Each structure stands twice: as C-alpha cells, then as structure tokens.
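Coordinates in review
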Amino acid sequence: MNNYFEPGQEIETTIVQISGDTIFLDLNAKTEGTLDSAELADKEGNITVKEGDKIKAFFLTNRSGVPHFTTKIAGQNADADMLEKAFKAAIPVQGKVEKEIKGGFEVKVGSTRAFCPFSQMGYKQKEEPSYYVGRTLSFKIQEFKEGGKNIIVSNRAIMELEHKESLKGLASKYAVGDIVTGKVVELKDKGAVVDIGGVQAFLPISEISRGHVNAVSDKLSAGQEVKAKIIRTDWEKERVSISTRELEADPWDTVSDRYAEGDKIDGVISRVADFGVFINLEEGIDGLVHKSALGLDANTNIKMKFKAGDKLSVVVKAVDSKNKKISLVTSTSHEQDQTTAKYMSSQSSDDGDTYNPFAALLKK
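All of the points below concern the structure found in this document. Worth saying up front: this structure is predicted, and the values here are computed from it rather than measured. (Residues numbered from 1 in each chain as written. Predicted model: local features only at pLDDT ≥ 70, side-chain atom pairs only at ≥ 80, totals over all residues. Heavy atoms only, no water.)

It is worth spelling out the sheet that holds strand E3 (residues 33-36) at this point. Taken together, the five strands give a closed barrel; going around it, the order is E1-E2-E3-E5-E4, and neighbouring strands pair in mixed fashion. Within this sheet the neighbouring strands show an average axis-to-axis angle of 50 degrees, counted without direction. Note: strand E4 (residues 54-63) against strand E5 (residues 66-70), five bridges, orientation antiparallel. When the sheet's bridge partners are listed, threonine 61 is paired in E5 with histidine 68. (Pairing = 2+ DSSP bridges. Helix = DSSP H or I, 4+ residues; strand = E, 2+ residues; numbered from the N terminus. Axes fitted to C-alpha atoms, helices over the stretch in contact; angles between N-to-C directions.)

The next subject is the pairing of strand E18 (residues 285-290). In E18, alternate side chains face the same way, and those of Ile285, Gly287 and Val289 are buried while those of Asp286, Leu288 and His290 on the opposite face are not. In this structure, strand E17 (residues 276-282) lies alongside E18, joined through six bridges in antiparallel fashion. The residue bridging valine 277 from the neighbouring strand is valine 289, located in E18. Two successive antiparallel strands, E17 and E18, enclose a turn made up of two residues, where glycine 284 displays a positive phi of approximately 90 degrees. (Buried < 20%, exposed > 50% of the residue type's maximum accessible area, 1.4 Å probe, protein only.)

Our next topic: helix H1 (residues 80-89). Given 3.6 residues to a turn, an α-helix orients residues that are three or four positions apart in the same direction. Turning to H1, its buried residues number three or more, namely Met82, Leu83 and Ala86. The buried residues of H1 occupy an angular sector of 100 degrees when projected down its axis, which confines them to one face. Check the buried side of H1 and you find it contacts E4, strand E6 (93-101), strand E7 (104-109), strand E8 (112-117), strand E9 (136-145) and strand E10 (150-154). Immediately beyond the C-terminal end of H1, within one or two residues, lies alanine 90, with a positive phi of roughly 60 degrees. (Arc of directions from axis to C-beta. Contact = heavy atoms within 4.5 Å.)

Turning our attention to the sheet that holds E18. Here five strands make up a closed barrel; going around it, the order is E16-E17-E18-E20-E19 and the pairing mixed. Adjacent strand axes in the sheet meet at a mean angle of 50 degrees, parallel and antiparallel pairs treated alike. Pairing of strand E19 (residues 311-320) with strand E20 (residues 325-330), which is carried by six bridges, proceeds in the antiparallel orientation. Considered in E20, the bridge of alanine 318 is made with serine 327.

Structure, rendered in structure tokens:
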C-alpha cells in the first residue's frame, strides 16, 4: 500500500500504538496513519480498542504529510466540505438527534443540520420517536444539495450495513454440524426459540427428542440451558435450525438387543392411522400393528375403534433395525398369561383323584 489515498477510501488496518489522543495505524509503509482516540472511546472516555486490534477506517486528509483517518465524520471535521466528501464516498457521519419535526427528525452533524425521515430511523425494531431524541447516532448521507443546506441522512442504512457485516461474521462462526450451547428464550407451538450467543436459532418440536413430544412445554421451559447441534443455516433469510434430538443416543441402534420375534409386550397406542395402529414400546421406539392383524371387519373404522393412550398387548412379529421398523400383532396381556400359567401349575390333568377338564383344555 502506498501513501496516497483518495478522500473517503476505506482501509482495514492494524492498530500499532495508542498514545494520548492519537491512535497510530499500520499502513504497511514507512509512514503510519493516525486516528483520533476519541472516536474509539466509550461514554466515560475509555479507549475500547488495544494495540494489535484490526479496524476499518476512512481516509480524511493529510496532516503534516501524515495520512489521517476516521471511522466516522463528526464534530470539528464535519464542515460542509467534509460532509460532501462523506456523501460521495459513503463515509458514515455522526449526528445528534435534536428534535422530532414533521415527517422525521432534525439531526445536527457538527455545526450542520440535516433531516432524517421517520422511515430511515432505526432498523428492525422500531422505537417511539421520543426514544431517539437526544441520542448521538451514526448516519449515512443520502442526499447533499445546495452546498449542504439540504441534507437528508439515514440511520437505517448504517444499521443494515452493520447487520450484514454481523451476518458474515456469524456465517464464519456457526456451521452445520457444530455443537452449541444456548438458552431457551421463547416457547412456540411448533418449537422453541433458543439464543446461541446472540443468534436466535429455532428448535423444531420434531427435533427436541427422539421420543414423541406432545407439547414443547412438556420438555422445555423459558430460561433453560440446552445443548444442541446445528442442522440447517440460511444466512440470507437469517435462519438457523438446531436439534437436541441429534445429540441423544438412537435407540434403534440397539433395538435388536431388546426385542426379538415372539416377545410379548404391553404397549400404549401412540398414533392411529388408516392402515394400522402404532404402539409405543419405549422412548423413541414405536411398532406397527397393521390393520389386517387387528382382527377387524373390513368396514370397521379403525380410528373409531382405537385411540391414542389406550393400552394394547402385542407380540413382536419382526424387527428391522436398519429401516427402523417393528411389526407387531395383537396378543393377550402379560397379566392374562401369568394368571393362566399360575392356574395351570396348580392343576393336574391326572392327579389320581380328580380330573379338571378346563386345565386339560388349556394344556392342549
């Protein structure tokens, strides 16, 4: 980079030294650039940057042969000539919102007065006009006419630009597959909004758990901290989707260790479909009793006969862990089986004295 800059030219550089009211910038040349320390100070006058930090700045002018920069035009350097340069080079200007007037606000930039329409104040979250009065904000000059007598500025344009820069940073920070920790800020019917470090991510109800979730509030509460996996990002639409379900062990991976053909289970109906009844066997595992295995008349309305929450005793017909399917058929319950076994064990078909035809019939 050489020592010649056009007014308004933007650079990204490194702070090499902070000395009193001057910040020295690395220009990759024999001459360093300067920047007024006050521009990067908080309300208490404390410098908010340190040596080694990278910043973006705009070239203003040469001071005694030294390139002088600014992050925004304000105060003494905000004369009409400099404001015109700011307009042409799209350099941000700093102004104080003096008062509300017809159609917008009167803004004072240095010693010059400008106009900011209501539509150009603020960004996504609009405040009442009284909120802005008295505040010092950054603006972009949209129009510069009559030698500076007619200036229109926009705070919205600056906030939109800052927002885009912020999204670029987020896109490089968060990627699909990353594990993040966040806090639930709002519960909705279809999921939950989770703050993951300043980013509003959405956790769909289907991604909360591998088990069935009837209502988001059954599993989550506002203020709760959750660990999740990023499953989708769309930075143009500013959408990030996360999943806590993805971090849970998949019970289907070991389902064959717990269920085998012929196993009898007392399950609960989780869902009734036109083609059969789904039975919840455990958290995250449902099996299906096909309509043909329910022993119903062909014209029977299956949804009138069964409903979610009903208990149903079933027998495992087949386990397909690869495709996450378990086929079931109806059965007598365990309680019935145990009662029958107990009765049979207490009876004898031929004990020498008596004969119990019912016990003999059960043994056949």
